[in-house]
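Architecture and fold: a report
The lines below spell out each chain.
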Amino acid sequence: MSRATKIVATIGPASSDRETLTRMIRAGVDVVRLNFSHGKPQDHIDRATLVREVADECGKKVAIMADLQGPKIRVGKFENGKIMLANGDKFILDSDCQMGNQERVGLDYKALPRDLKGNDVLLLNDGLIVLKVERVMGNEIHTVVKIGGELSNNKGINRQGGGLSAPALTAKDMDDIKTAMSFQADYVAVSFPKNATDMEMARQLSNVAGEPFGHKPMMIAKIERAEAIPLLQEILDASDGIMVARGDLAVEVGNAAVPGLQKRMIKMARASNKLTITATQMMESMIVNAVPTRAEVSDVANAVLDGTDAVMTSAETASGKYPVETVEAMHAICLEAERSDNVQLDADFLNLRFTRVDQSIAYGALFTAHHLRVKAIAALTESGSTALWMSRHNIDIPIFAITPNVATRRKASLFRNVHTLELAQAPDTEAMLKGAQDLLLAQGVVQKGDLIVVTWGEPIGQVGGTNALKILRVGEY
């Protein structure tokens, strides 16, 4: 049984050598995430080059996702590297402070005092430390510690309920987009978007930077701000997919709200024909342990059952002790969860209106394949959009995006239940159908006599032109 849910793995110091990366890709990595919050531009260029080389050696197309840092709102540095705050302590966040001490600390986001007022609640270090704002005086934010603990250099700051004005795209992000386009990153993940405009700007910058290479990446909105939730549909419409980024989101809206939001976001994205990635602490204990906790197993399985396209690792594979084992464990969990997945295609299509011919063909192929119990669906595609539409609905029949376009193969590696194969452009329909059939035979996907459903577009090679469907018995060509 092939795995439908994809695995996005962050690479870093623990996984940037050729041997480890090879083992991870063979274990099941579909998309590699480069975290631009860490490292220099050349580090990312070198890693991207290595990923492509290793993936080709493994005979697999692996997508690269460039994850932008975004506006990291952090405290500055301390004279001794850290302090200990006790409940009831007075503490000042001071944008003019150069080096912190027990009484105050500087800010890397100098405009923070303008965003706050008395009684606001600030959450530091992923919510482990809670400060209540008493008053704002010029560039100083005077607070009282509600929940104390150790506070060290450069820890993050969130405002409970959101509402900070920092722009989604910083000057660093704009430079990083140019770096990502220099190696044609397949996906660009935008941190902390507040609205559709943030995503539209990121797309425009990415397209301009990619133009010399003839490349347009797909855009992923990381949903981690409270104010993004009411505008989720407009953000979806301006994006190619979303990441359920549960870390910062949980800090802003509260841990208890996140599971329900996760299910809602995935459902909305699938209904909008968009991609979803579920991220943050999925296998957190495997940073130091060789096996996951049972709670982590359930977390990954539930994301699969929610319908996510992909589950993602962060520190587990970037800096943890067991990067390969983490991928192997995720692979096994996804497979087991998918065995109990529920196929409700008839209900999915009830009262559904099709707006495009190629969309109608995609859904027609799913419906036919499901009721005929064919062995495979072959979508002959240039852009991958037909395969993407098919992948929005659960079906226990594998979908193959067959294309001559290498960039399409890489992008489609994130689509749920879609597997990619390369086939050169054929001169006519008959040659194309025979080529698809022979390719599936050679891959061992089908045998002679099996039924498959094939979709394609005429004239051949036209982007967005899928307009034909055929039920084919293998061996007819």
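Computed from a prediction, not measured in an experiment: that's the story for all the values here.

**Examining the sheet that holds strand E6 (residues 104–105)**
Across the sheet, which stays open at both edges, the six strands sit in the order E6-E5-E9-E8-E7-E11 with mixed pairing between neighbours. In the strand order of this sheet, the two ends are held by E6 and strand E11 (157–159), each with one partner. Where strand E7 (residues 121–124) and E11 come together, three bridges link them in antiparallel fashion. Directly across from leucine 124, in E11, lies its bridge partner isoleucine 157.

**A closer look at the side chain of aspartate 306**
Take aspartate 306: it is sitting in helix H9 (residues 294–306). A polar contact of 3.0 Å, which involves the side chain of aspartate 306, links it to the side chain of glutamine 262. Not counting chain neighbours up to four residues away, the residues in contact with aspartate 306 comprise Gln262, Lys263, Ile266 and Arg270.

**Considerations on the environment of alanine 189**
Relative to the elements of secondary structure, alanine 189 occurs in strand E12 (residues 187–190). Taking relative accessible area as the criterion, alanine 189 reaches 0% and is therefore assigned buried. Each C-alpha atom of the pair alanine 189 and glycine 106 lies 29 Å from the other, and the pair is 83 residues apart in sequence. When residues no more than four places from it in sequence are discounted, the contact partners of alanine 189 are Met65, Ala66, Asp67, Leu68, Ile220, Lys222 and Met243.

**A few points about the environment of lysine 216**
Checked against the element boundaries, lysine 216 lands in the loop between helix H5 (196–210) and strand E13 (218–223). Sequence separation between lysine 216 and glutamine 184 is 32 residues, and the spatial gap between their C-alpha atoms is 8.1 Å. Setting aside residues no more than four positions away along its own chain, lysine 216 makes contact with Asn207 and Lys411.

**Section: the side chain of serine 95**
Within the secondary structure, serine 95 is located in the loop between strand E5 (90–94) and E6. Here serine 95 is in contact with Leu107, Lys110, Pro113 and Asn139, once residues within four sequence places are set aside.

**Quick look at unusual backbone geometry**
Positive phi, close to 80°, is recorded for asparagine 119, a residue that is not glycine. Looking at where asparagine 119 falls in the secondary structure, it is placed in the loop between helix H3 (112–115) and E7. Positive phi, normally seen in glycine, also occurs at asparagine 417, with a value near 65°.

**A word on helix H1 (residues 18–27)**
All of the buried residues along H1 are Thr20, Leu21, Thr22, Met24, Ile25 and Ala27. Summarising the contacts, the buried residues of H1 are in contact with strand E1 (6–10), helix H2 (41–57), helix H10 (315–318) and helix H11 (323–339). Two residues or fewer past H1, glycine 28 is found with a positive phi of approximately 135°.

**Examining the UniProt feature "domain: Pyruvate kinase barrel" (unreviewed entry) in the protein**
Per the UniProt annotation, the sites labelled "domain: Pyruvate kinase barrel" (unreviewed entry) are residues 3–327. The annotated region residues 3–327 carries 33% helix and 24% strand content, and the separation between its end C-alpha atoms amounts to 13 Å.

**Looking at the packing of helix H7 (residues 246–253) against helix H8 (residues 258–271)**
Two numbers describe how H7 lies on H8: the axes approach to 10 Å, and their chain directions differ by 125°. Of the possible angle classes, the one that applies to H7 and H8 is oblique. Seen along the crossing, H7 lies across H8 with a hand that is right-handed. For the pair H7 and H8, the contacting residues are Arg246, Leu249, Ala250 and Val253 in the first and Val258, Leu261, Gln262 and Met265 in the second. Partitioning the contact of H7 with H8 into residue classes produces six nonpolar, one polar and one charged.

**Re the sheet that holds E1**
Taken in spatial order, the eight strands close into a barrel running E1-E2-E3-E12-E13-E14-E15-E16, and their pairing is parallel. Neighbour-to-neighbour, the strand axes of this sheet turn through a mean angle of 25°, independent of strand direction. Inspection of the sheet shows E13 paired to strand E14 (residues 241–245) by four bridges, in the parallel sense. Bridge pairing in E14 links alanine 221 to isoleucine 242. In the packing of H8 onto the sheet, the strands contacted are E13, E14 and strand E15 (275–279), and the crossing angle to E15 comes to about 160°.

**Section: a nonpolar patch on the surface**
Taken together, the side chains of Met174, Met201 and Leu205 present a nonpolar region at the surface, about 230 Å² in accessible area. As for its position among the elements, methionine 201 is in helix H5. Residue classification places methionine 201 among the partly exposed positions, given a relative accessible area of 41%.

**Section: the pairing of strand E20 (residues 451–457)**
Within E20, six of the seven residues are buried, leaving the element largely enclosed by the surrounding structure. Two strands pair when backbone bridges link them, and strand E17 (residues 376–380) and E20 are joined in this way by four bridges, in the parallel orientation. Considered in E20, the bridge of isoleucine 377 is made with valine 453. As defined by bridge partners, E20 adjoins strand E21 (residues 466–473) across seven bridges and the pair is classed as antiparallel. When the sheet's bridge partners are listed, glycine 457 is paired in E21 with threonine 466.

**Brief notes about H7**
For H7, the tally of buried residues reaches six of eight residues, placing the bulk of the element in the interior. Among the residues making up H7, those that are buried are Arg246, Asp248, Leu249, Ala250, Val251 and Glu252. Among the residues trailing H7, glycine 254 stands out with phi positive, at a value near 100°.

**A word on the pattern of salt bridges**
By the definition in use, this model includes 27 salt bridges. A salt bridge links glutamate 140 to arginine 104, with the nearest nitrogen and oxygen atoms 3.0 Å apart. Placement of glutamate 140 in strand E9 (residues 140–147) and of arginine 104 in strand E6 is noted, with a sequence separation of 36 residues between them. We note a salt bridge from arginine 246 to aspartate 299, for which the minimum N-O separation is 2.8 Å. One end of the pair, arginine 246, is in helix H7; the other, aspartate 299, is in helix H9, and 53 residues separate them in sequence. Each of Arg33, Asp67, Lys222 and Glu224 takes part in salt bridges that share partners, so that together they form one network.

What counts, and where the lines are drawn
Residues numbered from 1 in each chain as written. Predicted model: local features only at pLDDT ≥ 70, side-chain atom pairs only at ≥ 80, totals over all residues. Heavy atoms only, no water. Pairing = 2+ DSSP bridges. Helix = DSSP H or I, 4+ residues; strand = E, 2+ residues; numbered from the N terminus. Polar contact = N/O pair within 3.5 Å; in protein donor to acceptor, adjacent residues only side chain to side chain. Contact = heavy atoms within 4.5 Å. Buried < 20%, exposed > 50% of the residue type's maximum accessible area, 1.4 Å probe, protein only. UniProt positions renumbered as here; feature names shortened; annotations may be inferred. Axes fitted to C-alpha atoms, helices over the stretch in contact; angles between N-to-C directions. Parallel < 35°, antiparallel > 145°, perpendicular 65-115°, else oblique. Left-handed = near helix turned anticlockwise from the far one by under 90°. Nonpolar A, V, L, I, M, F, W, Y, C, P; charged D, E, K, R; others polar. Patch = residues over 30% accessible without salt bridge, like charges linked within 9 Å, V, L, I, M, F, W, Y side chains within 5 Å. Areas by Shrake-Rupley, 256 points an atom, 1.4 Å probe, with all protein chains shown as cover. Salt bridge = Lys/Arg side-chain N within 4 Å of Asp/Glu carboxyl O.

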